[in-house]
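Commentary on secondary and tertiary structure
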Number of protein chains: 2
Amino acid sequence: MMENIIQDVESNVSWLSQFGSVPSGGITRLLYSKEWFDAQQALKQKFEDMGLETSFDEVGNLSGKLIGSQHKDQVIMSGSHIDSVVNGGNLDGHFGIIAAYLAVQYLKQQYGTPLRTIEVISLAEEEGSRFPYVFWGSKNLLGLAKKEEVLNIKDAAGTPFVDAMRGLGFDFKQDDSAARKDIKAFVELHIEQGSVLETEGNTIGVVTSIVGQRRYNITLKGEANHAGTTPMSYRKDAVYGFSRICTESIAKANAAGDPLVLTFGKVIPKPNTVNVVPGEVMFTMDCRHTDQAYLKSFTEEIEKDMQAIAHEMGMEIVIDRWMDEAPVPMDTDLVNTLKDICEKEQLNYRLMHSGAGHDSQIFAPRIPTAMLFIPSIKGISHNPAEKTKTEDLVEGVKALTQALYQLAYQN
Amino acid sequence: MMENIIQDVESNVSWLSQFGSVPSGGITRLLYSKEWFDAQQALKQKFEDMGLETSFDEVGNLSGKLIGSQHKDQVIMSGSHIDSVVNGGNLDGHFGIIAAYLAVQYLKQQYGTPLRTIEVISLAEEEGSRFPYVFWGSKNLLGLAKKEEVLNIKDAAGTPFVDAMRGLGFDFKQDDSAARKDIKAFVELHIEQGSVLETEGNTIGVVTSIVGQRRYNITLKGEANHAGTTPMSYRKDAVYGFSRICTESIAKANAAGDPLVLTFGKVIPKPNTVNVVPGEVMFTMDCRHTDQAYLKSFTEEIEKDMQAIAHEMGMEIVIDRWMDEAPVPMDTDLVNTLKDICEKEQLNYRLMHSGAGHDSQIFAPRIPTAMLFIPSIKGISHNPAEKTKTEDLVEGVKALTQALYQLAYQN
């Protein structure tokens, strides 16, 4: 099996990466763009060549089914999203489709028709990179995408979402709350987009949960003053206020340890010039954890700390929590299945959480779902330099193949 | 005297503020602009109407002299700069010219011809707001402006400095190192541009020295990473590094107290986005003190602290000190003269340093120099809202008048 897969993995990654390839070496493949359409059409042909039964749903999710002999209406689904970020890498999303395709190809050759139907899914959209909407593909599959949410959104060039969709022959579902009822399990293989596997020396991550996230915009208002003529004791220096908040909060996050992460990613002082005491700072906070109660209590403590620091310094603070997403645990049985496979196949795996969002978080609350991670070199992603060693890609395909075998071929 | 001065102060401020007035209520009067030229020409006429002997030097500094009867070559000079920042206020710079003019007007009426020559000076430029060059006026007067320093500089519209100057009939001095030798004293009245006088309840500040300044551009290089997939222990978060540096340094500056001031005015993280651990931060540091040795030792300690924090966090730091200006003490005898006048006139004064730069710092190392400050409401300056109470403007003119009387009329 091994030699063939190495070749297949490499040739399929470069084949699919031609759709939307950019000079820097990565890809830009935005929802309902020509590159996106070409990629879906080419995949459809590829699926048919292998003998899968293909179909697009209304919005453009592509399916390739190997119909089961005994339980054709019990679908074991695997795949990921076909869209990319602007100037993204050659693995994020679409390698999960390639991996599912290669797994099914091997299983069909080796074992013929499965008991249950295996469906390779190429989801229309996950990144939210063209329009301000994420998970359009998986949300449509599960009846969660509402027509009115996208009715008035446009891309950066001013093209309405609806025009882009209809221009390629796709459209809204008749009933946007209709959900697929036939999916018995969803297994998504994805690159880690972090460096835990690489750092810890593992080749496979079995994901136990996807973190919850809280994101904030915070504005701290002090007083802008002349940097020379204003004595220290007169000042309400907003950058100093921010620095105290950041220093204390990150120290608390460091003390809390995994799986908590806390990031002050954006900092915009006003007026942002060398010789003026900053009168205002707008900054963001992003906090993630796998346990919802912990995430809530930790961020509430930080919010209180910030307010206390602002109060002590005589400054105003406005804390706007604009994202509050709950953690999503993966299906325990399915996680155990993947873990058992890794052990049986002697794969160098670890159990881990996902710090990033994935289509699986849309599936998991509704359908038994699990994820397999493969390492990202240096953790780099959303970048043309995104890379995974070929042998790690192969290990991922092997683990996924075994999982689909167990779920679709065994009683 | 009082009633006349109130009227004169108010009418002269509004008269001179018409040259370069902007809709927001302030002025924009950049070096060698039409507004600048009109203001200088109008002042020249005003000086002549009062019986002063006027002249422009080569570069456009305007003088109005009341010639002394006994020591005509011993010049007591007073004035300030005629240029403004973009969208500046109605006092910064030019009120020092108005004050000197009003003082001479009063002295001439009251006492006739002085023993020594009094020269009202309207300096061509101080702010550096049109071209990247400051103190063009005072530096030319003292033979410190070098031709080659401005030969290739341009304004934002691409106009060469030289073209702007020559377009109005001005030019370089034949010998750019030639300095005025006849100035025996320079007294500059200026708004404080800070809120010390207002806060402490004084109407006059007698300036003892102008602070030295050290300014830095600092780049702290960590590692940009995904805010979700990168555990805290893996991170090299440059914003956290900056925050630690800022927090510790400002705490030290607060402990050091007056006259030390320390400002981190500009902070630019990369990539500056909510869900990426910042990989780099460029920030500025501005430190000022009246004592050169203290300024040096304090900033060197902060530099070491920064390096230690960067080292501890595994980050690179590049510290670029691009400005290192020594403090400039005012002339002790002249400071005492001003102090004695304030006491004799029962003016509500205080001795203080200047945290901002002024033309006086160019004069002081070469010529006995002193400054008088008057309060700025809320410390606001470089802004159309720049304001001083009329009674404070008048107190300033009174103090300056007494000083010029003592220096020019007494033996």
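Quick caveat, the model's predicted, so the values are computed rather than measured.

Concerning the overall build of chain A
In terms of regular secondary structure, chain A is built from 12 helices and 16 strands. Since a compact globule built from 411 residues should have a radius of gyration of about 22 Å, the 24 Å found for chain A is in line with a globular shape. By the burial criterion, 59% of the 411 residues in chain A qualify as buried. Within chain A, contacts between residues separated by at least 24 positions form 78% of all contacts whose residues are at least 6 apart in sequence. Accessible area of chain A: about 15,700 Å², with a carbon and sulfur share of 46%. One finds the centroid of the 39 positive side-chain charges in chain A at a distance of 3 Å from the centroid of its 55 negative side-chain charges.

A look at the pattern of salt bridges
All names here are of chain B. Counted by the stated rule, this structure contains 34 salt bridges over all chains. With its nearest N and O atoms 3.1 Å apart, the salt bridge here joins D324 to R214. Pair noted here: D324 is in strand β13 (residues 316-325) and R214 is in strand β7 (residues 212-221), with a separation of 110 residues, a long-range link. In this structure D324 comes out as partly exposed when scored by relative accessible area, which is 42%. Look at R214 and you get buried, because its relative accessible area is 5%.

Looking at the UniProt feature "binding site: allantoate" (unreviewed entry) in chain A
The UniProt record marks R215(A), N275(A) and R288(A) with the feature "binding site: allantoate" (unreviewed entry), using the residue numbering of this structure. Annotated residues spanning 74 residues; largest pairwise C-alpha distance 36.5 Å, indicating distribution over more than one region. Lining of the largest pocket among the annotated residues: N275(A). Within the fold, R215(A) resides in strand β7 (residues 212-221). Classification of R215(A) as buried rests on a relative accessible area of 10%. Those residues in contact with R215(A) that sit more than four places away from it in its chain are M285(A), D286(A), R288(A), D320(A), R321(A), W322(A), M323(A), V274(B) and N275(B). Positionally, N275(A) belongs in the loop between β10 (267-270) and β11 (276-277). A residue is classified by how much of its surface remains accessible, and N275(A), at 29% relative accessible area, is partly exposed.

Looking at the interface of chain B and chain A
Many analyses report the size of an interface as the accessible area lost when the parts associate. Contact with chain B, which involves 53 residues of that partner, is made by 53 residues of chain A. Around 4,300 Å² of area is buried between chain B and chain A when both sides are counted, 58% of it from carbon and sulfur atoms. Three residues, M232(B), Y234(B) and V274(B), lead the burial of chain B against chain A; their summed loss comes to 16% of the area buried on that side. At the junction of chain B with chain A, the criterion picks out zero salt bridges. Our enumeration of links across chain B and chain A arrives at 17 residue pairs in polar contact (both at pLDDT 80 or more). Contributions of two or more residues to the side of chain B that touches chain A are made by α7 (196-200), α8 (238-256), β9 (261-263), β10 (267-270), β11 (276-277) and β12 (280-289) of chain B. Among the elements that line the side of chain B that touches chain A, the one with the most residues is α8(B), at 11 residues.

Remarks on the environment of S17(B)
All names here are of chain B. Considering the arrangement of structural elements, one finds S17 in helix α1 (residues 2-17). Residue class for S17 comes out buried when judged on its relative accessible area of 9%. Here the alpha-carbon distance between S17 and I268, two residues 251 residues apart in the chain, equals 37 Å. Within polar-contact distance, the side chain of S17 engages the side chain of N90 at 3.5 Å.

Topic: the relation of the copies chain B and chain A
When chain B is brought onto chain A, the operation consists of a screw motion whose angular component is 179° and whose axial shift is 0.1 Å, with 0.1 Å RMSD remaining. The relationship between the two copies is best expressed as a two-fold rotation axis. Within chain B, the C-alpha atom positioned nearest to the axis of rotation is that of S243(B), 2.1 Å from it. The residues that chain B uses at the interface reappear at the interface of chain A in 100% of cases, marking a shared surface.

With respect to the layout of surface pockets
Estimated volume of the largest pocket: approximately 970 Å³. If you trace the largest pocket, you find 39 residues lining it, with H226(A), N275(A), V276(A), Q193(B) and H382(B) closest to the centre. Among the secondary structure elements, those contributing two or more residues to the lining of the largest pocket are β8 (225-226) of chain A together with β7 and β13 of chain B. Here the residues of the lining of the largest pocket are counted per class, giving 10 nonpolar, 21 polar and eight charged. Taken as a whole, the second largest pocket spans an internal volume of roughly 840 Å³. Contributing to the lining of the second largest pocket are 30 residues, with E127(A), R215(A), H382(A), H226(B) and N275(B) lying nearest its centre. Going through the elements one at a time, β7 and β13 (316-325) of chain A together with β8 (225-226) of chain B are the ones with two or more residues in the lining of the second largest pocket. By residue class, the composition of the lining of the second largest pocket is nine nonpolar, 13 polar and eight charged.

Topic: the confidence of the model for chain A
Parts of the prediction with low pLDDT should not have their coordinates interpreted in detail. Taken as a whole, chain A shows an average pLDDT of 96; of its residues, 99% reach a score of 70 or greater. The ipTM assigned to the predicted complex is 0.89, against a pTM of 0.89.

Some words on the UniProt feature "binding site: Zn(2+) 2" (unreviewed entry) in chain A
All names here are of chain A. Summarizing the sequence annotation, UniProt attributes the feature "binding site: Zn(2+) 2" (unreviewed entry) to D92, E127 and H382 in the numbering used throughout. Spatially, the listed residues are clustered: although they cover 291 residues, their C-alpha atoms lie within 10.2 Å of one another. Cross-referencing the annotated residues with the lining of the second largest pocket gives D92, E127 and H382. Along the chain, the position of D92 falls in the loop between β3 (71-81) and α3 (94-111).

Calculation criteria
- Residues numbered from 1 in each chain as written.
- Chains lettered and ligands numbered in written order.
- Predicted model: local features only at pLDDT ≥ 70, side-chain atom pairs only at ≥ 80, totals over all residues.
- Heavy atoms only, no water.
- Helix = DSSP H or I, 4+ residues; strand = E, 2+ residues; numbered from the N terminus.
- Rg over C-alpha atoms; globule rule 2.2 N^0.38 Å.
- Buried < 20%, exposed > 50% of the residue type's maximum accessible area, 1.4 Å probe, protein only.
- Contact = heavy atoms within 4.5 Å.
- Areas by Shrake-Rupley, 256 points an atom, 1.4 Å probe, with all protein chains shown as cover.
- Lys, Arg positive; Asp, Glu negative; His and termini not counted.
- Charge placed at Lys NZ, Arg CZ, Asp CG, Glu CD.
- Salt bridge = Lys/Arg side-chain N within 4 Å of Asp/Glu carboxyl O.
- UniProt positions renumbered as here; feature names shortened; annotations may be inferred.
- 1 Å grid on protein atoms, 1.4 Å probe; cavity = no way out; pocket = protein on both sides within 12 Å on 5 of 7 lines; lining within 4 Å.
- Buried area = accessible area lost by both parts, 1.4 Å probe.
- Polar contact = N/O pair within 3.5 Å; in protein donor to acceptor, adjacent residues only side chain to side chain.
- Least-squares fit on C-alpha atoms with pLDDT ≥ 70 in both.
- Points joined across faces, edges and corners; volume = space filled by probe spheres on them.
- Nonpolar A, V, L, I, M, F, W, Y, C, P; charged D, E, K, R; others polar.
- pLDDT = per-residue confidence, 0-100.

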